[in-house]
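# Examining the three-dimensional arrangement
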Amino acid sequence: MKSLVRDVMTTEVIAVQPWTPFREIVARLAEHRISAAPVLDAEGNVLGVVTEADLLLKQEHPDLELNVPLVWSRRRRLEREKAAAVVAGKLMTTPAVTVPPTATVTEAARRMHTARVKRLPVVDERGQLLGIVSRADLLKVFTRPDEAIRSEIINDVIVGDLMMNPSRLVIRVDDGVVVLEGEAERSSLIPYLVRAVHHVEGVVRVENKLSFDIDDYDPAMAYPWMRP
């Protein structure tokens, strides 16, 4: 079973309010050794996130009296405005990139990578903060014991999903690397097995060394454009 965000998130969140001053934000991030904090309204809804990158704009634009060059992009102009800000509501990046507690760890990792952020506020359907999930939280799935991974592959994937005979296969797991050996009844089952094992939590890599009894693999099923 895939881990959900609610299984790995941190529920004790360091947050700030829109009126929290610049220096207090810096102090809180340093004290708790975090790189960002969600900005909440009075009801606990996430308005945005203020990050170290937002705060560092003050160093990038130290002289706010200089005129803004005409060739500056909209992004650069917004950064200049943030550099002049002194409270979280003006410093924050908004809208915040969030994730629901029912999202899988894989979905959260993909969203984090796409948005190029290090942590995601976890919110309910009303937008209220429930917790926060970081890169370190998402990586916890790779600390899963090898025996637990092997057990899931055999019981859930081989027997449960594909209804294959486990006695014909040898499954070895070492530091998350899965080696599949033995004989499948049909060659067409092998791509499905390899793909399913890839999706088991904690799997780092899959090495396919399987053979088969009957070659019933149809390339047209994998490559529809090859069909007549």
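Residues numbered from 1 in each chain as written. Predicted model: local features only at pLDDT ≥ 70, side-chain atom pairs only at ≥ 80, totals over all residues. Heavy atoms only, no water.

A grouping of L139, F142 and V204 is seen on the molecular surface, where their side chains present a nonpolar patch of about 300 Å² in accessible area. With respect to the helices and strands, L139 occurs in the loop between α7 (135-138) and α8 (146-161). (Patch = residues over 30% accessible without salt bridge, like charges linked within 9 Å, V, L, I, M, F, W, Y side chains within 5 Å. Areas by Shrake-Rupley, 256 points an atom, 1.4 Å probe, with all protein chains shown as cover. Salt bridge = Lys/Arg side-chain N within 4 Å of Asp/Glu carboxyl O. Helix = DSSP H or I, 4+ residues; strand = E, 2+ residues; numbered from the N terminus.)

The subject of this paragraph is α8. The principal kink in α8, of about 25 degrees, is found at I153. Taken from the residues just after α8, M163 is the one with a positive phi, measuring 50 degrees. (Bend = angle between axes of the 7 residues up to and from the residue.)

What follows covers the pattern of salt bridges. Summed over the entire model, instances satisfying the criterion amount to 10 salt bridges. As a salt-bridge pair, E24 and R28 come within 2.5 Å of each other at their nearest N and O atoms. In this pair, E24 and R28 are both assigned in helix α2 (residues 22-32), four residues apart and thus about one turn of the helix distant. Close ionic contact of R205 with E207 constitutes a salt bridge, the shortest N to O distance being 2.8 Å. You can call R205 partly exposed: its relative accessible area is 42%. Assessed through its relative accessible area of 24%, E207 is described here as partly exposed. Each of R168, E183 and D213 takes part in salt bridges that share partners, so that together they form one network. (Buried < 20%, exposed > 50% of the residue type's maximum accessible area, 1.4 Å probe, protein only.)

Covered by surrounding structure in strand β5 (residues 169-174) are L169, I171 and V173 only, the residues V170, R172 and D174 on the alternate face being uncovered. Inspection of the sheet shows β5 paired to strand β6 (residues 177-186) by six bridges, in the antiparallel sense. Bridging across to β6, D174 finds its partner in V177. Counted between consecutive antiparallel strands, the loop separating β5 from β6 contains two residues, among which D175 sits at a positive phi close to 55 degrees. (Pairing = 2+ DSSP bridges.)

Turning to the layout of surface pockets, a few remarks are in order. In this approach, a probe sized like a water molecule rolls over the atoms, and the result shows the empty space that is left. Taken as a whole, the second largest pocket spans an internal volume of roughly 280 Å³. Around the second largest pocket, the lining comprises 14 residues; the ones closest to its centre are K2, T106, V141, F142 and V203. When residues in the lining of the second largest pocket are grouped by element, the largest group, three residues, is from helix α6 (residues 105-115). For the lining of the second largest pocket, the residue count by class is eight nonpolar, four polar and two charged. (1 Å grid on protein atoms, 1.4 Å probe; cavity = no way out; pocket = protein on both sides within 12 Å on 5 of 7 lines; lining within 4 Å. Points joined across faces, edges and corners; volume = space filled by probe spheres on them. Nonpolar A, V, L, I, M, F, W, Y, C, P; charged D, E, K, R; others polar.)

What follows concerns the sheet that holds β5. With mixed pairing, three strands are arranged side by side in an open sheet as β5-β6-β7. Strand pairing shows two members of the sheet lacking a second neighbour, β5 and β7 (205-214), which therefore form its edges. With direction set aside, neighbouring strand axes in the sheet form an average angle of 10 degrees. In this structure, β6 lies alongside β7, joined through nine bridges in parallel fashion. Looking across to β7, one finds that A184 is bridged to F212. Helix-sheet contacts for α8 involve β5 and β6, and the interaxial angle to β5 is about 150 degrees. Running at roughly 160 degrees to β7, helix α9 (residues 189-198) makes contact with β5, β6 and β7 of the sheet. (Axes fitted to C-alpha atoms, helices over the stretch in contact; angles between N-to-C directions. Contact = heavy atoms within 4.5 Å.)

As a further point, take the confidence of the model for the chain. Detailed reading of the predicted coordinates is not advisable wherever pLDDT is low. Across the chain, the average pLDDT comes to 86, with 84% of residues at 70 or higher. Within the chain, the lowest mean pLDDT, 55, falls on helix α10 (residues 219-222), and the highest, 96, falls on β5. (pLDDT = per-residue confidence, 0-100.)

Tracing the chain through its elements places L40 in strand β1 (residues 36-40). Overall, L40 belongs to the buried group, its relative accessible area being 13%. For the pair L40 and L129, spaced 89 residues apart in sequence, the C-alpha separation works out to 8.1 Å. In this view, L40 contacts A15, V16, Q17, P18, N45, V46, L47 and L129; residues no more than four positions away in its chain are not counted.

Turning to α6, a few remarks are in order. Listed in full, the buried residues belonging to α6 are V105, A108 and M112. In an axial view of α6, the angular spread of the buried residues amounts to 60 degrees, which keeps them on one side of the axis. Away from its buried face, by an angle of more than 90 degrees, α6 presents the exposed residues R110, H113 and T114. Summarising the contacts, the buried residues of α6 are in contact with α1 (5-8), β3 (119-123), β4 (129-134) and α7. Two residues or fewer past α6, R116 is found with a positive phi of approximately 60 degrees. (Arc of directions from axis to C-beta.)

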